[in-house]
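Here are the chains, one letter per residue:
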Amino acid sequence: MTRPPADLVPAEVPARPLAHNPLNGVTGGIWRTRRAGRPAVLKLVAPPGAGAGPAHWAASDDTGHWNYWRREVEAYRSGLATTCYADGGLVAPDPLAIDDRPDGTVALWLSEAVGRPGAAGTVSDLADLARRLGTAHAAWLAGSVPAAPRYDWLARDWLRHYTLSRPVTEPVPWDHPVAAATWPVSLRDDLRRLWERRQAVLAATDRLPRTLCHHDVWPANLVFADGGPVLLDWSFVGPGPIGEDAANLILDTFFDGLVDVALLADVADAVVDGYVDGLRGAVDPALVASAVRLSGAAKYFWLAPVMLNRAGGATGQTYDRRDEAAMFAGRRPVLELLARWATTAVG
């Protein structure tokens, strides 16, 4: 929908749609608008059956499901979103109001985060963010994660459930012409091995120390404000392995072409170093670096198979506006890094 419902934002009040994943059935729309005369962001949260989208992005009533529809509402209502990473100096927007509506949707009103968008962040910005994440994760390692299940709406096993829900059809056409033209045989072989070993890779992440993860740290969910970075979209928050948020920050900064891929090596090094520094004293640095590689492999073992399944048609990727050939070519350096991580972390 181009405008929010009129009972929430009258026609005379400006409301500009914000980019989001339209495939996700939980999100009915996001707008930059005003509430009570002040700038605000309105997010309309939809229950199962209310939103459109494919089955693999369907909203769920199961409180522990990776896409439980009320999780972000509860994260703000409980105060978890705005306080859980305070030890690292990471904040979320302040909630202005949470309105349960007669049609079953929820209007989540948030303060507007003012600053540079995440895609405009520098290597230093991302290194600082990673250090803050590491510090926050270290605080949860010190004893908070065992207490987290008091919130039954936290994702139970987000990494496993999300990745295994991605729509991959076998057999994967690993030699599809668009891939053969841009991905060397060695890369396709490495990505195929990663896909075939996905269960072992996920099992290996189960042996990592666990912390409280955001599960969706990437430029679209970041604002670099004057007072420090602001982390948006708490729909997936829950326990997970150390390294996962840092790995996603590295890989997803480049997958959709939002940031120049020439910065990939610098960002990867800076984020790992920053994250290691944040966790220093809590986890051995070598284990932290290994956890980033392993959890990154676990997070994206499905991506190349999905791309190949969809080759020649719509990719379904929300933020990537490149044509198919450009997307395959543009993602090659990131997938090569992913393949190296997988080889190093799991053999």
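Data block above holds the structure.
As the structure is a prediction and not an experimental result, all values here were calculated from the model.

Enquirer: Tell me what's going on with the sheet that holds strand E3 (residues 38–45), and back it up with residues and numbers.
Expert: Taking strand neighbours across the sheet as the criterion, the five strands line up as E1-E2-E3-E5-E4 in an open arrangement whose pairing is antiparallel. Only two strands of the sheet have a single partner each, and these edge strands are strand E1 (16–17) and strand E4 (95–100). Across eight bridges, the pairing between strand E2 (residues 27–35) and E3 is antiparallel. Pairing of Trp 31 across the sheet is with Leu 42, part of E3. This element, helix H1 (residues 71–78), spans E3, E4 and strand E5 (106–111) of the sheet and lies at about 130 degrees to E4.

Enquirer: Describe empty space enclosed by the protein, with residues and values.
Expert: All told, the structure shown has one cavity of 30 Å³ or more when counted by the stated rule. Considered as a void within the structure, the largest cavity measures approximately 60 Å³ in volume. Contributing to the lining of the largest cavity are Asp 157, Trp 158, Leu 159, Arg 160, Thr 205, Asp 206, Arg 210, His 215, Pro 239, Gly 240 and Pro 241. Of all the secondary-structure elements, those providing two or more residues to the lining of the largest cavity are helix H4 (158–164) and strand E10 (238–241). When its residues are assigned to classes, the lining of the largest cavity shows four nonpolar, three polar and four charged.

Enquirer: Pulling in residues and values, what's your account of the pairing of E4?
Expert: As defined by bridge partners, E4 adjoins E5 across five bridges and the pair is classed as antiparallel. Residue pairing for E5: Asp 100 is matched across the bridge by Val 106. Once E4 ends, the chain turns through five residues before running back antiparallel as E5, passing Gly 104 with a positive phi of about 95 degrees.

Enquirer: Describe in detail the nonpolar core, supporting the description with residues and values.
Expert: Formed by 98 residues in total, the largest nonpolar core has its most connected members in Trp 183 and Trp 234. In this view, Trp 234 contacts Arg 71, Glu 72, Ala 75, Tyr 76, Ala 81, Cys 84, Tyr 85, Ala 92 and His 214; residues no more than four positions away in its chain are not counted. Counting 11 residues, the second-largest nonpolar core is a separate cluster that includes Ala 15, Leu 44, Ala 97 and Ala 107.

Enquirer: Please set out helix H8 (residues 244–252) residue by residue, giving values where relevant.
Expert: In terms of burial, H8 is largely enclosed, as nine of its nine residues are buried. Listed as buried for H8 are Glu 244, Asp 245, Ala 246, Ala 247, Asn 248, Leu 249, Ile 250, Leu 251 and Asp 252.

Enquirer: Can you tell me about the packing of helix H6 (residues 185–196) against helix H12 (residues 324–346), naming the residues and giving the values?
Expert: Orientation of H6 relative to H12, taken along the N-to-C sense of each, is 55 degrees, at an axis distance of 10 Å. When the axis of H6 is compared with that of H12, the two are oblique. Helix-helix and strand crossings are classified by hand; for H6 and H12 the assignment is left-handed. Residues Leu 187, Asp 190, Leu 191 and Leu 194 of H6 lie in contact with H12, whose contacting residues are Arg 332, Leu 335, Glu 336, Leu 338, Ala 339 and Ala 342. Of the residues assigned to the contact of H6 with H12, the class counts are seven nonpolar, no polar and three charged.

Enquirer: Can you tell me about the sheet that holds strand E6 (residues 116–117), naming the residues and giving the values?
Expert: In a beta sheet, neighbouring strands pair by backbone hydrogen bonds and run either parallel or antiparallel. Read across the sheet, three strands follow the order E6-E8-E9 without closing on themselves; strand pairing throughout is antiparallel. Of all strands in the sheet, those bounded by a partner on one side alone are E6 and strand E9 (228–231). Looking at chain direction, E6 and strand E8 (residues 222–225) are connected through two bridges and run antiparallel. Pairing of Arg 116 across the sheet is with Phe 224, part of E8.

Enquirer: Lay out the side chain of Asp 216 with the relevant residues and their values.
Expert: Take Asp 216: it is sitting in the loop between strand E7 (210–213) and E8. At 5.3 Å, Lys 299 is the nearest oppositely charged side chain to Asp 216, a buried residue that forms no salt bridge. Excluding anything up to four places from it in sequence, Asp 216 contacts Asn 221, Asp 233, Phe 236, Asp 245 and Asn 248.

Enquirer: Could you give an account of the packing of aromatic side chains, with specific residues and numbers?
Expert: For the structure shown, the criterion picks out 14 aromatic pairs. An angle of 75 degrees between the planes, with centres 5.2 Å apart, marks the rings of Trp 66 and Tyr 162 as edge-to-face. Linking Trp 66 in the loop between E3 and H1 with Tyr 162 in helix H4, this pair joins segments that are 96 residues apart in sequence. Across the pair, exposure class does not vary: Trp 66 and Tyr 162 are buried alike. Residues Tyr 300 and Trp 302 carry aromatic rings whose centres are separated by 6.0 Å and whose planes lie at 35 degrees to one another, so their mutual orientation is tilted. Judged on exposure class, the residue Tyr 300 and its partner Trp 302 are both buried.

Definitions and limits used
- Residues numbered from 1 in each chain as written.
- Predicted model: local features only at pLDDT ≥ 70, side-chain atom pairs only at ≥ 80, totals over all residues.
- Heavy atoms only, no water.
- Pairing = 2+ DSSP bridges.
- Helix = DSSP H or I, 4+ residues; strand = E, 2+ residues; numbered from the N terminus.
- Contact = heavy atoms within 4.5 Å.
- Axes fitted to C-alpha atoms, helices over the stretch in contact; angles between N-to-C directions.
- 1 Å grid on protein atoms, 1.4 Å probe; cavity = no way out; pocket = protein on both sides within 12 Å on 5 of 7 lines; lining within 4 Å.
- Points joined across faces, edges and corners; volume = space filled by probe spheres on them.
- Nonpolar A, V, L, I, M, F, W, Y, C, P; charged D, E, K, R; others polar.
- Core = buried A, V, L, I, M, F, W, Y, C linked by side-chain atoms within 4.5 Å.
- Buried < 20%, exposed > 50% of the residue type's maximum accessible area, 1.4 Å probe, protein only.
- Parallel < 35°, antiparallel > 145°, perpendicular 65-115°, else oblique.
- Left-handed = near helix turned anticlockwise from the far one by under 90°.
- Lys, Arg positive; Asp, Glu negative; His and termini not counted.
- Salt bridge = Lys/Arg side-chain N within 4 Å of Asp/Glu carboxyl O.
- Phe/Tyr/Trp six-rings, centres within 6.5 Å; stacked < 30°, edge-to-face > 60°.

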